[in-house]
Amino acid sequence: MATILNGKSIVLGVTGSIAAFKAADLASKLTQAGADVDVVLTHSAQRFVGAATFAGLTHRPVSTGLYESNSELGIDHVALARRADLILIAPATANVLAKLAHGITDDVLTATILAGSQPLVVAPAMDADMYAAAASQANVQTLKERGVHFIGPESGRLASGLVGQGRMTQVQDIIGSVRALLGKSGDMVGRRVVVSAGGTEEPIDPVRVLTNRSTGKMGFAIAEAARDRGADVTLITAPTALPSPAGISVIPVESAIEMRDVVQTACVGSDLLVMAAAVSDYRPADPADQKIKKSGDDPLSIDLIQNPDIIAGIKVDGLVKVAFAAETNDLIENADAKLLSKGVQMVVANDVTAADSGFGTDTNAVTFITPGREPEAMPLMEKLDVGNALLDRALPFLNK
Ligand SMILES: Cc1cc2nc3c(=O)[nH]c(=O)nc-3n(C[C@H](O)[C@H](O)[C@H](O)COP(=O)(O)O)c2cc1C
């Protein structure tokens, strides 16, 4: 799976917080995503986690001091500052924020930052009182005014046992924010994209719903692909177990009717709509107010009425529309028919019965169908790659 992190040079600064152990996971995940991760440890950080951990995870030398250079140049902070596409400090102590705010460069991390001009992202972690202290708040303010990107800190239970604002943001959200930031020079900057995801839930009674096997993975992957290319993304999702991706505006909905109304509003002023949600074709005509009870051995029948066709009903000038067609048979014929009936620029057909394809999997094999062109069958790919392939094919319509 090629994310925007692939081939990027990231300096990961780790400072002396209890949360330093989480930086090992961060370094590992960034490396797995294809980034070249140069870890810089402050002296305090080395009291919490060792350089060997990071060297082993990143397969690269770790910088531990101004006078213990690893670089060919012999000056780590200048070499790193020249190389990095982005500098990330996670966790960032109150101390490092203070030093950055005042231009102090008494270690390799702060010296690298002063020597570089790339985006700087910090994920603070500290006790709530340390974060709330007037000095820390003033430093945060100064750094924000200088364009430093803050991720968190979050509220929750802290290492001290107190509950308050000071927890480092979760690793997956830090990575999402870094991806979003790196995407700001992508080919979808200035584009507004609406994506729907998940399987709608149609109430039968207050405790039961009619739904389907969609997990939302495909729609979430498209939304993340668009975000990574610089788009301003709204993700409208039916109930799902997936965490909200960073840097994306997520609107949860339940039923098809709710999804239609929210999609309609979000599409005004947008450039592209991708309907990847599995929207129930039917809904119970008259959901019960109270839980339906068993009545002897009698069968139960529920009258269903048709839901509106959401994408066909969206009429916004200049909006490019892409519909997913999850099929179990006659894939191309059914998808072709949808191209006309839904008034869309592209249909993405997928056979949800195929191995490793469709609901719940991390991969998908789709066929892109556009008017006047032969269907384009894609190989089995990671869903993020499917998302990027879809956006590649949607972009020419946007640029018309
Ligand atoms: C057990 C322990 C945990 C600490 N956790 C934090 C923390 O989460 N955040 C913070 O700002 N400082 C924390 N400190 C204090 C910093 O380690 C200290 O301010 C140090 O000077 C930071 O140096 P550095 O910013 O160069 O890494 C902690 C200290 C100890 C002993």
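Residues numbered from 1 in each chain as written. Predicted model: local features only at pLDDT ≥ 70, side-chain atom pairs only at ≥ 80, totals over all residues.

**Quick word on the overall build of the chain**
Now for step 1: A tally of helices and strands in the chain yields 14 helices and 21 strands.
Now for step 2: Counting only residues that meet the buried cut, the chain has 44% of its 400 residues in that class. (Helix = DSSP H or I, 4+ residues; strand = E, 2+ residues; numbered from the N terminus. Buried ≥ 20, exposed ≤ 12 C-beta atoms within 10 Å, placed from the backbone.)

**Details of the pairing of strand 6 (residues 154–157)**
Now for step 1: Here four bridges tie strand 6 to strand 7 (residues 163–167), and the two strands are oriented antiparallel to one another. In the strand pairing of strand 7, R157 is matched with V163.
Now for step 2: Here strand 6 hands over to strand 7 after five residues, with G161 in that stretch at a positive phi of 100 degrees. (Pairing = 2+ DSSP bridges.)

**Observations regarding the site of the ligand**
Now for step 1: Lining the immediate surroundings of the ligand are 15 residues, of which T15, G16, S17, T93 and M126 lie closest.
Now for step 2: Counting residues per element, the shell around the ligand draws most heavily on helix 5 (residues 94–101), at three residues.
Now for step 3: Tallied by class, the residues present in the shell around the ligand amount to eight nonpolar, seven polar and no charged. (Near = placed C-beta within 6 Å. Nonpolar A, V, L, I, M, F, W, Y, C, P; charged D, E, K, R; others polar.)

**Here we look at the sheet that holds strand 17 (residues 346–351)**
Now for step 1: Pairing in this open sheet of eight strands is mixed, and the strands run 12-11-8-13-16-17-19-20 from one edge to the other. Each edge of the open sheet carries a strand with a single partner, namely strand 12 (249–252) and strand 20 (376–377).
Now for step 2: Summarising the sheet, strand 19 (residues 366–369) and strand 20 pair through two bridges and their orientation is antiparallel. Its bridge partner lying in strand 20, T367 is registered against A377.
Now for step 3: Contacts from helix 14 (residues 383–398) reach strand 13 (272–275), strand 16 (320–327), strand 17 and strand 19, with the element oriented near 145 degrees to strand 16. (Contact = placed C-beta atoms within 7 Å. Axes fitted to C-alpha atoms, helices over the stretch in contact; angles between N-to-C directions.)

**Overview of the domain arrangement of the chain**
Now for step 1: On domain assignment, one finds that the chain holds domain 1 (9–181) and domain 2 (186–398).
Now for step 2: The gap between the C-alpha centroids of domain 1 and domain 2 is 38 Å.
Now for step 3: Each partner contributes residues to the interface: domain 1 has six residues there, and domain 2 has six residues.
Now for step 4: Tallied by class, the residues present in the side of domain 1 that touches domain 2 amount to one nonpolar, three polar and two charged. (Domains from an automatic or database assignment.)

**With respect to the pairing of strand 13**
Now for step 1: Neither face of strand 13 is left uncovered, since the one carrying L272 and V274 and the one carrying L273 and M275 both have all their residues buried.
Now for step 2: Both strand 13 and strand 16 contribute to a ladder of four bridges, which runs parallel. Along strand 16, the bridge assignment pairs V274 with V322.

**Let's talk about the nonpolar core**
Now for step 1: Within the largest apolar cluster, 56 residues are counted, with the highest numbers of intra-cluster contacts made by V195, I222, A226, V322 and V348.
Now for step 2: Aside from chain neighbours lying at most four places away, what touches V195 is G219, I222, A223, A226, V233, L235, V274 and A276.
Now for step 3: In terms of nonpolar packing, the next biggest core, distinct from the first, is built from 54 residues, V40, V108, L109 and V122 among them. (Core = buried A, V, L, I, M, F, W, Y, C linked by C-beta atoms within 7 Å.)

**Describing the sheet that holds strand 1 (residues 9–14)**
Now for step 1: One open sheet holds the five strands; their spatial order is 2-1-3-4-5, and the pairing between them is parallel. Unpaired on one side and paired on the other, strand 2 (36–41) and strand 5 (149–150) mark the two borders of the sheet.
Now for step 2: Two strands pair when backbone bridges link them, and strand 4 (residues 120–124) and strand 5 are joined in this way by two bridges, in the parallel orientation. Residue V121 lies in a different strand from strand 5, and its bridge partner there is H149.
Now for step 3: Relative to the sheet, helix 9 (residues 171–182) contacts strand 3 (86–92), strand 4 and strand 5, its axis offset from that of strand 3 by approximately 160 degrees.

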